[in-house]
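# Residue-level structural notes
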Amino acid sequence: MTKTNITDQLLNTTTVQQRIKLLSRFLIEQAEKRKAESEKVNFATTQLQKGGSLPTIQNELSLSERSLERYFKQHIGISPKLFARINRFQSALESIRQTQFNKLTNIAYQNDYFDQSHFIRVFKEFAGTSPKHFVHKANEQVANFPEWKI
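My aim in this report is to walk through the structure given alongside it, one point at a time. What you see is a predicted model, and the numbers here were worked out from it, not measured in a lab.

## Digging into the overall build of the protein chain
Scanning the protein chain from terminus to terminus reveals eight helices and zero strands. Walking the protein chain from its N terminus toward its C terminus, one meets helices and strands in the order α-α-α-α-α-α-α-α. Residue burial in the protein chain is summarised as follows: out of 150 residues, 26% are buried. Sequence-distant contacts in the protein chain: of pairs separated by 6 or more residues, those separated by 24 or more amount to 42%. Taken as a whole, the protein chain presents about 10,800 Å² of accessible surface, with 52% of it coming from carbon and sulfur.

Quick look at the structure:
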């Protein structure tokens, strides 16, 4: 039996039972397809959070760059590249908050930025301020509340 669209299939049925069976099968197939896509996106987000690269994830899922992007936009609302950038920024921000560091370059390299200037540019884009200014302001605010740790 060749695949035709659901509308044509419904038009070719003669009984209500056939229509119900056809629609039920169609909805179950759609739900299974959606679940499989969701599982792929969950796997990809987990791998990105662990530091995986997009090409590696695409290979593991046997997806093209475009398909992975479509799944992300459909299930998360942003592209996988933006998700990876946000994740890397959050990791760097967490490093700044929890560690004593002498140079921002160390934080940049720990979080896989190419160099310090790239890290500062991305930090400003997401935080609205430079990392140095961010740390300075955070220390000022916390000084009044010593029980708060950043």
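Further notes follow.
## Section: helix α4 (residues 65–75)
Note that an α-helix has 3.6 residues per turn; residues three or four places apart therefore point the same way. Looking at α4, one finds that the buried residues are S67, L68, Y71 and F72. Each buried residue of α4 lies within a common arc of 135° when the element is viewed along its axis, so the set occupies one face. Where α4 is buried, its residues touch α2 (16–49), α3 (54–61) and α5 (80–98). Following α4 by one or two positions, G77 has its phi on the positive side, about 100°.

## A short note on the packing of aromatic side chains
As enumerated under the stated definition, the model contains six aromatic pairs in all. When the centroid spacing of 5.3 Å and the interplanar angle of 65° are considered together, the rings of F89 and F123 count as edge-to-face. Here F89, found in helix α5, pairs with F123, found in helix α7 (residues 116–127); they are 34 residues apart in sequence, far enough to count as distant. Taken as a pair, F89 and F123 share a single burial class, namely buried.

## Points about the layout of surface pockets
In this structure, the largest pocket spans a volume of roughly 390 Å³. Taken together, 16 residues make up the lining of the largest pocket; nearest its centre are L48, G51, A84, R88 and D112. Of all the elements in the fold, those that place two or more residues in the lining of the largest pocket are α2 and α5. A per-class count over the lining of the largest pocket returns three nonpolar, nine polar and four charged.

## Structural notes on the side chain of T13
Examined against the element boundaries, T13 turns out to sit in the loop between α1 (6–11) and α2. Of the residues examined, T13 reaches a relative accessible area of 15% and is grouped as buried. Beyond its immediate sequence surroundings of up to four residues, T13 is in contact with Q18, R19 and L22.

## What to know about the packing of α2 against α5
What describes two packed helices is the angle between their axes and the distance between those same axes. For the pair α2 and α5, interaxial distance at closest approach is 10 Å and the crossing angle is 35°. α5 is crossed by α2, and the crossing has right-handed handedness. Between α2 and α5, the contacting residues are T45, L48 and Q49 on the first element and P80, F83, A84 and N87 on the second. Its residues assigned to classes, the contact of α2 with α5 shows four nonpolar, three polar and no charged.

So, how was this worked out
- Residues numbered from 1 in each chain as written.
- Predicted model: local features only at pLDDT ≥ 70, side-chain atom pairs only at ≥ 80, totals over all residues.
- Heavy atoms only, no water.
- Helix = DSSP H or I, 4+ residues; strand = E, 2+ residues; numbered from the N terminus.
- Buried < 20%, exposed > 50% of the residue type's maximum accessible area, 1.4 Å probe, protein only.
- Contact = heavy atoms within 4.5 Å.
- Areas by Shrake-Rupley, 256 points an atom, 1.4 Å probe, with all protein chains shown as cover.
- Arc of directions from axis to C-beta.
- Phe/Tyr/Trp six-rings, centres within 6.5 Å; stacked < 30°, edge-to-face > 60°.
- 1 Å grid on protein atoms, 1.4 Å probe; cavity = no way out; pocket = protein on both sides within 12 Å on 5 of 7 lines; lining within 4 Å.
- Points joined across faces, edges and corners; volume = space filled by probe spheres on them.
- Nonpolar A, V, L, I, M, F, W, Y, C, P; charged D, E, K, R; others polar.
- Axes fitted to C-alpha atoms, helices over the stretch in contact; angles between N-to-C directions.
- Left-handed = near helix turned anticlockwise from the far one by under 90°.

Nothing here speaks to function; it is geometry throughout.
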